Amino acid sequence: MTMVDTGRLRTHVQRIGPRGGPTAVLVHGLLTDSLASHYFTLGPTFAAAGLDVVMYDLRGHGRSERTAGGYTLDDGVDDLTALLDRLALTGRPVHLVGNSYGGTIAFGYATRHPERVASLSLVESEPATAAWAVKLGGILERVVGELAHRESDTLDWIAAHRGHHTARLAKGAARLARETTLGRDIPASRVLTERQIRSVRCPVLALYGGDSDLAALAPWLAGLLPDCRTVVIPGHEHSVLVEAAEVVGRHVLALIRESDGPAVR
């Protein structure tokens, strides 16, 4: 375990693979997620391909510092910026890979620091729009209501229907929702304009599960961005990263190879 003090946050970071070459920064999703979702899926494959792989726990998640506030999308982008500055990963553009909310953070970073991003891969994710904020607000309201205020009954149901491991993750999510302003901060985040979304010029890959409601975003995103390819993986929903890691990894590595060529095996 490595704890990095960025000046903003004590952040749990795992870094694997050779240093000095192309770098892939993997950003996870909200609440029940952590860097473990990448560590046990894409991380080792990317390291074996010759990438310097950086995985970290978002604010309040995993082993990173749990502050009472500071959970807006801009805070997430600022946390990522501070971490890459602290790790001295500013001299060469990085490849950002974001799962779910992690992709929204990664997209926000690309709009603010286009010169620092070599490619952007979004897994079951989307840019922050007004519709996104409304949707996240509804999801987080349910989480706060069901986990933070009816925790015992909800955890019993999750354990019975989704297993004890998922229930343990949900218990951590309940604590995060109960003890921080995350549930209020994220829906109140500043969203992107269409012009800001269109400003992302790096190669973008958007992957969705075929049975996910987010798959409907694929043609919209491809129509907005100048260099965007979309992949829909049949038979999967929002957990496509975990359930189809090999397929997801193959597509992301193909995009990275196009940018860094023989440096990536």
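Notes on the structure follow. This one's a predicted model, so the numbers in the text were calculated from it and none came from an experiment.

**Observations regarding the pairing of strand 3 (residues 23-27)**
Here's step 1: Buried residues dominate strand 3, accounting for five of its five residues.
Here's step 2: Side chains Thr 23, Val 25 and Val 27 of strand 3 all project onto a buried face; the interleaved residues Ala 24 and Leu 26 project onto the opposite face, where all are buried too.
Here's step 3: Relative to strand 4 (residues 52-56), strand 3 is paired through five bridges, and the arrangement is parallel. The partner of Ala 24 across the bridge, within strand 4, is Val 53.
Here's step 4: Relative to strand 5 (residues 94-99), strand 3 runs parallel, the two sharing four bridges. Note on strand 5: the bridge partner recorded for Ala 24 is His 95.

**Considerations on the packing of helix 3 (residues 73-86) against helix 4 (residues 101-112)**
In helix packing, the relevant descriptors are the interaxial angle and the interaxial distance, both defined with respect to the helix axes.
Here's step 1: Remark: helix 3 packs on helix 4, axes separated minimally by 9 Å, with the N-to-C direction vectors making an angle of 70°. Between helix 3 and helix 4, the crossing angle belongs to the class labelled roughly perpendicular. Each of Leu 73, Asp 74, Gly 76, Val 77, Asp 78, Leu 80, Thr 81 and Leu 84 in helix 3 lies in contact with helix 4, whose residues at this interface are Tyr 101, Thr 104, Ile 105, Gly 108, Tyr 109 and Arg 112.
Here's step 2: Here the contact of helix 3 with helix 4 is built from residues that sort into seven nonpolar, four polar and three charged.

**Regarding helix 4**
Here's step 1: Over its twelve residues, helix 4 extends 17 Å from the first C-alpha to the last, a length consistent with the 16 Å expected when each residue adds 1.5 Å.
Here's step 2: Buried residues dominate helix 4, accounting for eleven of its twelve residues.

**With respect to the environment of Ala 215**
Here's step 1: Residue position: Ala 215 is located in the loop between strand 7 (204-209) and helix 10 (217-224).
Here's step 2: A C-alpha to C-alpha distance of 8.9 Å links Ala 215 and Val 231, two positions 16 residues apart in sequence.
Here's step 3: Setting aside residues no more than four positions away along its own chain, Ala 215 makes contact with Tyr 208, Gly 209, Gly 210 and Val 232.

What counts as what
Sequence order as written defines residue numbering, which begins from 1 separately in each chain. Under the rules for a predicted model, residues below a pLDDT of 70 receive no local features and side-chain atom pairs below 80 are neither given nor counted, while totals for whole chains, interfaces and linings still include all residues. By convention in this description, side-chain values take in all heavy atoms of the structure and omit both hydrogens and water. Working definition: with a 1.4 Å probe on protein chains only, accessible area under 20% of the residue-type maximum means buried, over 50% means exposed, and in between means partly exposed. What counts as a helix is a DSSP run of H or I of at least four residues, what counts as a strand is a run of E of at least two, and both are numbered from the N terminus. When DSSP finds two or more bridges between a pair of strands, those strands are recorded as paired. Think of each axis as a best-fit line through the C-alpha atoms, taken over the contacting stretch in the case of a helix, with angles from 0 to 180 degrees between the N-to-C directions. Here roughly perpendicular refers to angles of 65 to 115 degrees, roughly parallel to angles under 35, roughly antiparallel to angles over 145, and oblique to all remaining angles. Any two residues having at least one pair of non-hydrogen atoms within 4.5 Å are treated as being in contact. Side-chain classes follow a simple rule in which Ala, Val, Leu, Ile, Met, Phe, Trp, Tyr, Cys and Pro form the nonpolar group, Asp, Glu, Lys and Arg form the charged group, and the remainder, Gly included, forms the polar group. Given a helix with a known number of residues, its expected span is that number minus one, times 1.5 Å.

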